[in-house]
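Summary of structural features
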Amino acid sequence: MQLSIIGYDPLGAWKKTAETVDELLSYRNPSGVTWINVDGLENGDVINQLAETYRIHSLTVEDIRDVEQRPKIEEFDDYIFITFKAVNHASENGFEQISIVLMRDTLITFQELSGDSFNPIRRRILDNAGRIRKMSADYLAYTIIDSMVDEYSLALDDMSMKIETLEERALDENDEAFMPDLQRLKQALIRIRIIVLPLRESLNVLLHIESPLIKHNLRPFFKDIHDNVIQTAETIEGCRELLAGLMEINLATMSNRMNKVMKVLTIISTIFIPLTFIAGVYGMNFRFMPELDMRYAYFIVWGVMLVIAAGMLAFFKRRKWLF
Amino acid sequence: MQLSIIGYDPLGAWKKTAETVDELLSYRNPSGVTWINVDGLENGDVINQLAETYRIHSLTVEDIRDVEQRPKIEEFDDYIFITFKAVNHASENGFEQISIVLMRDTLITFQELSGDSFNPIRRRILDNAGRIRKMSADYLAYTIIDSMVDEYSLALDDMSMKIETLEERALDENDEAFMPDLQRLKQALIRIRIIVLPLRESLNVLLHIESPLIKHNLRPFFKDIHDNVIQTAETIEGCRELLAGLMEINLATMSNRMNKVMKVLTIISTIFIPLTFIAGVYGMNFRFMPELDMRYAYFIVWGVMLVIAAGMLAFFKRRKWLF
Amino acid sequence: MQLSIIGYDPLGAWKKTAETVDELLSYRNPSGVTWINVDGLENGDVINQLAETYRIHSLTVEDIRDVEQRPKIEEFDDYIFITFKAVNHASENGFEQISIVLMRDTLITFQELSGDSFNPIRRRILDNAGRIRKMSADYLAYTIIDSMVDEYSLALDDMSMKIETLEERALDENDEAFMPDLQRLKQALIRIRIIVLPLRESLNVLLHIESPLIKHNLRPFFKDIHDNVIQTAETIEGCRELLAGLMEINLATMSNRMNKVMKVLTIISTIFIPLTFIAGVYGMNFRFMPELDMRYAYFIVWGVMLVIAAGMLAFFKRRKWLF
Amino acid sequence: MQLSIIGYDPLGAWKKTAETVDELLSYRNPSGVTWINVDGLENGDVINQLAETYRIHSLTVEDIRDVEQRPKIEEFDDYIFITFKAVNHASENGFEQISIVLMRDTLITFQELSGDSFNPIRRRILDNAGRIRKMSADYLAYTIIDSMVDEYSLALDDMSMKIETLEERALDENDEAFMPDLQRLKQALIRIRIIVLPLRESLNVLLHIESPLIKHNLRPFFKDIHDNVIQTAETIEGCRELLAGLMEINLATMSNRMNKVMKVLTIISTIFIPLTFIAGVYGMNFRFMPELDMRYAYFIVWGVMLVIAAGMLAFFKRRKWLF
Amino acid sequence: MQLSIIGYDPLGAWKKTAETVDELLSYRNPSGVTWINVDGLENGDVINQLAETYRIHSLTVEDIRDVEQRPKIEEFDDYIFITFKAVNHASENGFEQISIVLMRDTLITFQELSGDSFNPIRRRILDNAGRIRKMSADYLAYTIIDSMVDEYSLALDDMSMKIETLEERALDENDEAFMPDLQRLKQALIRIRIIVLPLRESLNVLLHIESPLIKHNLRPFFKDIHDNVIQTAETIEGCRELLAGLMEINLATMSNRMNKVMKVLTIISTIFIPLTFIAGVYGMNFRFMPELDMRYAYFIVWGVMLVIAAGMLAFFKRRKWLF
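Computed from a predicted structure; not experimentally measured. (Residues numbered from 1 in each chain as written. Chains lettered and ligands numbered in written order. Predicted model: local features only at pLDDT ≥ 70, side-chain atom pairs only at ≥ 80, totals over all residues.)

1. Details of the domain arrangement of chain A
We apply this condition: Either an automatic procedure or a domain database provided the assignment from which the domain bounds are taken.
When its domains are assigned, chain A resolves into domain 1 (2–251) and domain 2 (255–318). For domain 1 of chain A versus domain 2 of chain A, the separation of C-alpha centres amounts to 74 Å.

Here it is as structure tokens:
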């Protein structure tokens, strides 16, 4: 579990890491924006101590610690609580939970897994890149959510590429791994959708909250994130329809092959079965079989056989069953 | 049918059981919160007597006694009526009905089946664990609903594990029990969904009721239950999609096997049918068959047969039908 | 066409039948609630005469007479018009149309088919059972709708039993009547749904009508009917999903059988076709076939055949195709 | 292109046809309701001239002339514009476009195709049948829309009859035209739905327009049309579900037949293939085959063959594969 | 990257092209409407310079440059921002992005690809065709969106024609390219739908914006575009249902063919397999086979064979399996 604190105002910025909450809080200074980040959620005491200091509701603490929590945004008296999933390839299911407590001049973030997802933002603060140092804590919250939402698009781009590979495989009749692979991709889409849809709803709620914690000039920024999330959700639906289409192509391909196999069997069988019967007839050992003694019987039988075979082929040709 | 009564305030707590409603009511004392619990719904007189004492509407009494009642929350003049299903493995269909009548300082609960589902809550009251003794009757209602809703999640976790077992079986071509098992799980999901969806709706209604019976600082708690129920509903939908995917995989697996069986049949048949025909021809007993007397005819015929077989195999290889 | 009139107040109740509308109206007396019932809709004059007397809108008259009318509830200046379908097994399609015109102290009901559906309610009035005699005309309307809606549940219970029978038949491979029976049940569900869904909507509208014709203390009663209708609609959806599941099981069962039939054919064919070919070879009549004169050739050939058959069986066993 | 004008008030009614708009307009008289009808939309000048006279918006003119226009109702300052499709069997796609411009005392209707759809209404005006002569222009608009909407029901009744014919054919295994016929009916339903659904929406909008052009006492009439259109839409959905069910029955029937064909093939093949093999064995020409010289070998072989055949049949009977 | 500027008022119009933004801005004159068009989005500096001059929000600039942006309409303090996709066959995916910034007297348009899509509008301005020169900048915005939306209809007409071609191919049993072609069309529909649906939503928002930038008399025009987009969306849904129907027809056709192939195989096999067995029996070489020496045995066997074959054919005929 790692604790870090960043302070900044338009004039400067500093960063400290701490071992204990007491040490962490000693670094606070009253001016500018304070950003406290907690990496890892195992140590409940640290979270409780922070919650007590910043008067965070017990339900919020529960939500922060429950990593199965569904994305949501809630307004409390003193803060807005935002929790959602971020893409994290180090995690088992591909996601980690990020929780944000947005107060007037302070932002506390909780990461499920320790990692460096926030480093680019930290660098922008310390290097004074862009306008982030000039803005208040709500802009910092926006920046964090925005960069996490951008990761969704990257994850979807990755999936789109996998779908393209599947597109080529859909017409391969011998690819037995196709269907399981397609289903695996489909389930990956369900998993990402289950975290995107509630976020879309929550952001919609956020846009209609009349809170002094989010300044009026930040509305377009949050609306922009909302649009991105909507677009992500639409892309997911598009991918799902593509996959459904690929499955239909593959099933039709399989069925086509079956048809072809059946046709070959039918043609060969129906031509030779009658001929074999005729050969069998003249292989019988009856004493009195007049044909056997006829001079050209053998050649006549051959002729009859050829006529039957040609007739069969003509029948199949008329039915367009010849390959 | 069992009657019990619990009284508590921040200073103390007591519990009594009673044989009759009169005895039960004699234990009431005016201060603090009173929680009356009725186990079993067979004895209509008991319910009617309680309804008369606490002025409960006749329709509410009907709803309490009708165990087929769909989950709902209704506001009456003097009380809020909440009825829903709780997971109970002792029950035939896996659920029992819980009804709650929430009044100012009194809470009456009706359980369809006698059991110990409420024991942990009773213990928290009597042992003064957590904040429950400091709170009013609405918090008690919240605690009861919350613990029942948590059971849904556990039931779903159980189902998720069963789905995982099915995932492994979906690719087994010989598992004829797969489809019925999958359908059984699907129907279990339908059954749980039918009790979760109306509860979600009802809780939404509850969140917008402006009733003095639910204090303002309890709103976040009821919102939290609502979120849990929404998440449960989403998990159910997710499970349904997973099952649909598994069915598709299984159907594709079955179809694949069919294809393979057909291929083997086709290959063996199409190779040997023409050869058998040739053998049949030279098994005919015509007197004048010039080939029969040729010196190497037998070996030539063998040669022709091998060429035909090889040609067939090459044709199948080109078509990628060889296994 | 039958005309009847019932009058009641808390003190007494009486019932008369009449031949003509004039006779019917002559029985009216000013105190208490008057309930006029018209059985059968063939005689337009009777309905028109009543409509004129009670100032019923021409569109309402049209709706009463149109037995294809979809369930609806409409508020007019002087009355509320309610029309819906009741279960009636005597009817061709299983339903009859009931129309109710609810006025201040008068209720007129129109039944499509003469029957005794209302008898239990009449008896409750005449026998002063329950509270019905103490209540006004709106409670009578509630009682009628409620008893008709209860019939839906009974009809659905009946269907549930039929579905259970189908459940057992779904796994029977030889039951060719299964699919048509299932479709028949499905269409019965569609028919009942088509009359329940609009009623649900209409009752929702009724709950939000601010009409002096429905007293405030009757709201919970109408809400109760609404809940019943919602539950009926949900049960219908549940039944539909069950049927969809049964169809999937049945299709899988059929496909399984096909697979088994194919397997038997494949195994027998692929084992014997090569053996028959070998027998054919040594049935050829070439003069020079060295094997024919060998001492143990016949037994060697038998040995070869047994080896081939055993090899085939081993191959099938490895592929798990043996039954 | 035909122009006609009808004038009426409670006292009288007259009808004129005209060649030019100028002639038409000369017939106008100030009292009562004026109904101008334009048959055919080819002559843009006529429409433009009328638009100028009655101050119709250029967009409305565009909508009148665009016969691909989707049904809609729009309120302008001086008029309400209503456009929808009417059933017309003379038309290529089965529908023609009707546009109505409803002004205070004037109604202008535009028909895509010249025909006699409005004749019954004209006769009711000229013959003073019903209340139409006593009412204002909005009632005329209602009458026109109502009679056109009634045609939808007739068209649907027609389709229902076709569906009933299909119902009988669904179980016919040899009816190859079934599926294309079903799809044709399905597409006809899609076509009619595409014109009914927007009309339902538009009428809903109309019911909430607060316009002096539609008098308050006409609301129930327009609500009545709305109900009819809703019922039509529900009937269409019902038909679609019926068709989906028929398709499922037909597919199951086809699959059943396939199963039966396969069974016959399997039974005949599996019984005779081993027997033929045995016959082949004893048709071999080896010099040393001890069985050939045995006295009763031939009859023993026959016995063995019969035992094998009986065993096969018993196996099939146990598996319930015998037909 | 091309810059052009057009100025017009009811009295006159002029057009200039420029190399740099400074040059472009020097052409502005205060009276009338100014339309600045930017072709190509590569040069960020040009867009930034324009954004600075016209005080365009940084998020708008981002949206203009992001060609993956989903169609949307946003109101800012000084302008309305509209972005959507236009059909452009020169583009890789068939679409290009158009962004419009609508200010009081100025309209700035950004095209993703340089092309001549706006030429007809430019000509209408310069030639003073229609009313465009008399109207303000909002009418210009309407004209541009309207002409782009019209292109959607053309693209859909093109697709409808392709669907008609598919309709003919759906019944062709040998058309293996059918399913992939159908899926390709389906995906083209998904692509166009993904750009039409958000536009429909956005235009709905636009219709409810109370902005001085869109004059009241332009409302009907924007409502008209909205209706067109709704109609386009409905056409897309209709096309999707048609394609789904075609797929069902094709699958049924394929299945029918399979059935026919199977029938031929079954009939030929089941007739000849028993006959061949009989021939095999009398081809056995047992020394003691009484039939072989009978005078008319051969002809009797022929008779038996014919009877068996006729019996089989009769059986098939009764089962209606003969083709």
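So much for the structure itself; the text now carries on.
2. Concerning the relation of the copies chain B and chain A
Rules: In superposing the copies, a least-squares fit is computed on C-alpha atoms, taking residues whose pLDDT is at least 70 in both. Residue pairs qualify as contacts under a 7 Å threshold applied to their C-beta atoms, which are placed from the backbone.
For the pair chain B and chain A, the relating rotation is 72°, the translation along its axis is 0.0 Å, and the fit reaches an RMSD of 0.1 Å. Such a combination of rotation and displacement between the chain copies is what one expects of a five-fold axis. For chain B, the minimum C-alpha distance to the rotation axis belongs to Gly283 of chain B and amounts to 4.7 Å. A share of only 18% of the interface residues of chain B reappears at the interface of chain A, consistent with the copies meeting through non-equivalent patches.

3. With respect to the sheet that holds strand β6 (residues 95–102) of chain E
All names here are of chain E. Our working rule: Here, strands pair whenever DSSP counts at least two bridges between them. Secondary structure elements are defined from DSSP: runs of H or I of at least 4 residues count as helices, runs of E of at least 2 residues count as strands, and each element is numbered from the N terminus. Axis definition: a line fitted to C-alpha atoms, limited for helices to the stretch in contact. Angles are taken between N-to-C directions and run from 0 to 180 degrees.
As summarised here, the arrangement of the 7 strands in space is β2-β1-β3-β7-β6-β5-β4, forming an open sheet in which the pairing is mixed. If you trace the sheet from one side to the other, it starts and ends with β2 (12–18) and β4 (72–75), each paired once. Between one strand and the next, the sheet's axes are offset by a mean angle of 15°, whatever the strand orientation. With 6 bridges connecting them, strand β3 (residues 33–39) and strand β7 (residues 106–111) associate as parallel partners. Bridge assignment links Trp35 to a residue of β7, and that residue is Leu107. Those strands touched by helix α5 (residues 137–169) are β3, β5 (80–87), β6 and β7, and its axis lies near 25° from that of β5.

4. A closer look at unusual backbone geometry
What counts is decided by this rule: Burial is judged by counting the other C-beta atoms within 10 Å of a residue's own C-beta: 20 or more makes it buried, 12 or fewer makes it exposed, and any count in between marks it as partly exposed, with every C-beta position built from the backbone.
Positive phi, normally seen in glycine, also occurs at Asn128 of chain C, with a value near 55°. Within the fold, Asn128 of chain C resides in the loop between α4 (119–126) and α5 (137–169). Phi at Arg55 of chain E is positive, roughly 50°, even though this residue is not glycine. Inspection of the secondary structure puts Arg55 of chain E in the loop between α2 (44–53) and α3 (58–65). Taking the C-beta count within 10 Å as the criterion, Arg55 of chain E has 11 such neighbours and is therefore assigned exposed.

5. Brief notes about the sheet that holds strand β7 (residues 106–111) of chain B
Residues and elements named next belong to chain B. The mixed open sheet is built from 7 strands, whose spatial order is β2-β1-β3-β7-β6-β5-β4. One side of each edge strand has no neighbouring strand; the edge strands of this open sheet are β2 (12–18) and β4 (72–75). Neighbouring strand axes in the sheet, compared pairwise and without regard to direction, differ in orientation by 15° on average. Two strands pair when backbone bridges link them, and β4 and strand β5 (residues 80–87) are joined in this way by 4 bridges, in the antiparallel orientation. Across the sheet, residue Ile73 finds its bridge partner in β5, namely Ile82. Its contacts with the sheet put helix α6 (residues 178–208) on β4, β5 and β6 (95–102), and the angle it makes with β4 is roughly 25°.

6. Quick look at the packing of helix α7 (residues 219–281) of chain A against helix α7 (residues 219–281) of chain E
Operational definition: When describing relative orientation, an angle under 35 degrees is termed roughly parallel and one over 145 degrees roughly antiparallel, while 65 to 115 degrees is termed roughly perpendicular and anything else oblique. Working rule for handedness: look at the near helix, and if it is turned counterclockwise from the far one by less than a right angle, call the crossing left-handed; if clockwise, right-handed. All residues other than Ala, Val, Leu, Ile, Met, Phe, Trp, Tyr, Cys, Pro, Asp, Glu, Lys and Arg, Gly among them, are scored as polar; the first ten of these are nonpolar and the last four charged.
Contact geometry of α7 of chain A with α7 of chain E gives a least axis separation of 9 Å together with a crossing angle of 20°. Classified by the angle between their axes, α7 of chain A and α7 of chain E sit roughly parallel to one another. Seen along the crossing, α7 of chain A lies across α7 of chain E with a hand that is left-handed. The class makeup of the residues in the contact of α7 of chain A with α7 of chain E is 16 nonpolar, 10 polar and 3 charged.

7. Some thoughts on the pairing of strand β3 (residues 33–39) of chain B
All names here are of chain B. Taken across its 7 residues, β3 has 6 buried, putting it largely inside the fold. Sheet topology places strand β1 (residues 2–9) next to β3; 7 bridges connect them, and they run antiparallel. When the bridges of β3 are listed, Tyr8 appears paired with Val33.

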